[in-house]
Amino acid sequence: IVVNANNTQDEISNLLVVLNLFEFVSEAEELQDNFASFIASIQSHLPLIWPKTTTPLNDTKPVQPQVTGPGATVNSIVASFTKIQNSLSDANYITVPQPVLRKDG
């Protein structure tokens, strides 16, 4: 999603130039405002789209975040959260960084 949003920024930028050249200024402003809202929405929801996972320094298998889905129960979800909390408190883990949206003006 983030890669596509970054690529779309280039396309929107080119489209805004063309819209202004053909005097579609109000449409260009509306497109720019809507796309800015879209990017802000992605940025604010990035932790939901890209949940933090941790990888042990001495292991290549990442610790998965919560276990949810149709077969999950309240007890299994709570146990999963507890396991993750306990594993994250260990200093031998690193955090995988989230992707970053470009800041184009």
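Everything quoted here is computed from the prediction, not taken from an experiment. (Residues numbered from 1 in each chain as written. Predicted model: local features only at pLDDT ≥ 70, side-chain atom pairs only at ≥ 80, totals over all residues. Heavy atoms only, no water.)

S.K.: Whenever I open this one, the environment of Val2 confuses me. Can you help?
M.R.: In this fold, Val2 is placed in helix α1 (residues 2-21). Distance from Val2 to Ile39, taken between C-alpha atoms, is 9.2 Å for residues 37 residues apart in sequence. (Helix = DSSP H or I, 4+ residues; strand = E, 2+ residues; numbered from the N terminus.)

S.K.: Help me out: how do you make sense of the confidence of the model for the chain in this one?
M.R.: Parts of the model with low pLDDT should not have their predicted coordinates read in detail. Averaged over every residue, the pLDDT of the chain is 75; the share at 70 or more is 65%. Per-element confidence in the chain is highest for α1, whose mean pLDDT is 89, and lowest for strand β1 (residues 54-56), whose mean pLDDT is 52. (pLDDT = per-residue confidence, 0-100.)

S.K.: Explain the nonpolar core here, please?
M.R.: Ranked by size, the top nonpolar core spans 11 residues in total: Val2, Ala5, Ile12, Leu16, Leu19, Ala28, Phe35, Ile39, Ile42, Leu46 and Leu101. Elements with a minimum of two residues in this core: α1 and α2 (25-49). (Core = buried A, V, L, I, M, F, W, Y, C linked by side-chain atoms within 4.5 Å. Buried < 20%, exposed > 50% of the residue type's maximum accessible area, 1.4 Å probe, protein only.)

S.K.: Quick question: what am I supposed to make of a negative patch on the surface here?
M.R.: Together, Glu27, Glu29, Glu30 and Asp33 line one region of the surface with negative charge. For Glu29, the position within the fold is in helix α2. (Patch = residues over 30% accessible without salt bridge, like charges linked within 9 Å, V, L, I, M, F, W, Y side chains within 5 Å. Areas by Shrake-Rupley, 256 points an atom, 1.4 Å probe, with all protein chains shown as cover. Salt bridge = Lys/Arg side-chain N within 4 Å of Asp/Glu carboxyl O. Lys, Arg positive; Asp, Glu negative; His and termini not counted. Charge placed at Lys NZ, Arg CZ, Asp CG, Glu CD.)

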